[in-house]
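Okay, here's what each chain looks like letter by letter:
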Amino acid sequence: MIGLAFLLAILGQTGLLNPFQGLFLRATSPVEHVLTAVFRPVASLLSDFDELGTLQDENNRLRLENEDLRNQIAGLQQDAQRVKELESLLQITEGGADETRVVANIVHRASTPFQQEVSIDRGSSAGIHVGMVVLSSQGSLMGTVTKVTSETSFVRLITDTRSKVRAEVAGTAADGIVRGTPDRGLVLELAQGDIKVGDAVVTAGLGGNYPKGIPIGLVSEVSGTSQDLYKKVTIQPLVRLGTATTVLVNISFIPERLILED
Amino acid sequence: MKGTVIGAAMLLAAIAQVTVAPLFPVAGSVPEFVLLGLVLLAAFSSPSPVMVVTPLVAVALAFLSDRSPGLLLLAYLPLLPLGFALEESTVPLNHYVRTLAMMVVTGVWLRTLLALGAMANGATPAFSLLVSDVLVPGLLLDAALLTVVYIPMRLAGWSGRGMTLQRSRYY
């Protein structure tokens, strides 16, 4: 039996089992969908009941935040109009920002301090390849595709301790590397510059693995003294990674490490 | 017919492991439906179907969760030897306690091995979190889950079986 285990480990490592995995996932996906559809509302109900107090506080906070954001939108709309007028005066044309995104449902998730992964119900038949960037339905960064079969893809979330994303603090020169922590949070490592609580952290676009400017989260804590070379920066992800059910896969951005599979 | 039912039930347990179990986490641990299925199979049937089903369900679960099939098979392996050892033990243990011990000890081994596998693949080593967030809640979860299923099965008239293999069946 131990010998069989080692044989299976070798077969799995060499990828010889991948075609069988694709077939198996295709065959079992209807059952997966039924089980998810039946049990997700139950889990959601239990979770909501458990978090009732927290949700009420969060609701009040979000109401205030919503009002503030509406005011900001009004200001930004005025600014955008002004930018358009100036661009037309200077005859500047903006390059096309066409992005093709594939909508997918999360089928299952693995959530432990050592593994933060989900699988989604779209695969290579939908144009998804290993390395592609996965976003939440609101457009913030969720993770990257690590494995693809014809109908299923596996996604490593940014909160996984193996994930690393070059990031910068929007509107400042501060940058660093966003990394997942075992407690399912995010930290900005090697962070230099003037970083304050509430600052927005976005992808830096360096390294070619992620497009520039994808929102990741907000700075929730900055610790360290002025003597420290790097401050310890904790980030609150914008998306609730544990409860998201739908994701978008950006299939128009080709990461540099992209591996095209047959 | 019996084999088909067992196979279908274990396949369903593997699918539930990746779809249903993560919806009901306790700290960093989730219910282990596959382990529960194997333990109940060993406790109420006989060791031989467990020996056949374990590699198959390990491969199925590996396909579903994109983990190493070899690692998963190693994770479920201690189940039967532990059952034999407890049955042969000089300390008198009733069937429930033996089954509970099989579930809990194999659960600890399984979660530890999967965590070590993830660490070997680059996850941050966090042994204190492994104990406090995964092993302890997992141990309690396994004990509760087994008790909730085991007692109604006994009340329904299922009788516990031994772990000893009958040589005549194999020679």
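Described below are features of the structure shown in this document. (Residues numbered from 1 in each chain as written. Chains lettered and ligands numbered in written order. Predicted model: local features only at pLDDT ≥ 70, side-chain atom pairs only at ≥ 80, totals over all residues. Heavy atoms only, no water.)

Quick look at the overall build of chain B
Stage number 1. Looking only at helices and strands, one finds 7 helices and 0 strands in chain B.
Stage number 2. Along chain B, helices (α) and strands (β) appear in the sequence α-α-α-α-α-α-α when read from the amino end.
Stage number 3. Computed over the C-alpha atoms, the radius of gyration of chain B is 16 Å, within 12% of the 16 Å expected from 2.2 N^0.38 for a compact globule of 171 residues.
Stage number 4. Referenced to the eigenvectors of the C-alpha coordinate spread, the extents of chain B come out at roughly 50 × 35 × 30 Å.
Stage number 5. For chain B, contacts bridging at least 24 residues in sequence account for 70% of all contacts bridging at least 6. (Helix = DSSP H or I, 4+ residues; strand = E, 2+ residues; numbered from the N terminus. Rg over C-alpha atoms; globule rule 2.2 N^0.38 Å. Contact = heavy atoms within 4.5 Å.)

Some remarks on the sheet that holds strand β6 (residues 164-169) of chain A
Residue and element names in this part refer to chain A.
Stage number 1. Strand order in the closed barrel formed by 6 strands is β6-β7-β8-β11-β10-β9, with antiparallel pairing between adjacent strands. Strand after strand, the sheet turns through a mean of 40° between neighbouring axes, direction not considered.
Stage number 2. Relative to strand β11 (residues 231-237), strand β8 (residues 186-192) is paired through 4 bridges, and the arrangement is antiparallel. Residue pairing for β11: Ala-191 is matched across the bridge by Lys-231. (Pairing = 2+ DSSP bridges. Axes fitted to C-alpha atoms, helices over the stretch in contact; angles between N-to-C directions.)

Topic: the packing of aromatic side chains
Residue and element names in this part refer to chain B.
Stage number 1. One pass over the structure, following the stated rule, counts 4 aromatic pairs over all chains.
Stage number 2. Centre to centre, the rings of Phe-44 and Tyr-150 are 5.4 Å apart; their planes meet at 45°, and the pair counts as tilted. Of this pair, Phe-44 sits in helix α2 (residues 33-44) while Tyr-150 sits in helix α7 (residues 127-155); the two residues are 106 residues apart in sequence, bridging distant segments of the chain. Assigned by exposure class, Phe-44 and Tyr-150 land together as buried.
Stage number 3. Plain terms: the ring middles of Tyr-96 and Tyr-150 are 5.2 Å apart, the flat faces sit at 55° to each other, and that makes the pair tilted. In this pair, Tyr-96 is assigned in helix α6 (residues 95-120) and Tyr-150 in helix α7, connecting sequence segments 54 residues apart.
Stage number 4. Taking the relative accessible area as the measure of exposure, Tyr-150 reaches 3% and is therefore buried. (Phe/Tyr/Trp six-rings, centres within 6.5 Å; stacked < 30°, edge-to-face > 60°. Buried < 20%, exposed > 50% of the residue type's maximum accessible area, 1.4 Å probe, protein only.)

Notes on the sheet that holds strand β5 (residues 153-157) of chain A
Residues and elements named next belong to chain A.
Stage number 1. Pairing is antiparallel in the closed barrel, where 6 strands are placed in the order β1-β2-β5-β4-β3-β12. Taken over all neighbouring pairs, the strand axes of this sheet differ in orientation by 40° on average, direction set aside.
Stage number 2. Bridging between strand β3 (residues 133-136) and strand β4 (residues 141-148) involves 3 bridges; their strand directions are antiparallel. Note on β4: the bridge partner recorded for Val-134 is Gly-143.

Some points on the side chain of A:Thr152
Stage number 1. Position of A:Thr152 among the secondary structure elements: in the loop between β4 and β5.
Stage number 2. Once residues lying within four places of it in the same chain are set aside, the contact partners of A:Thr152 are A:Leu25, A:Ser119, A:Ile120, A:Arg122, A:Gly123 and A:Lys147.

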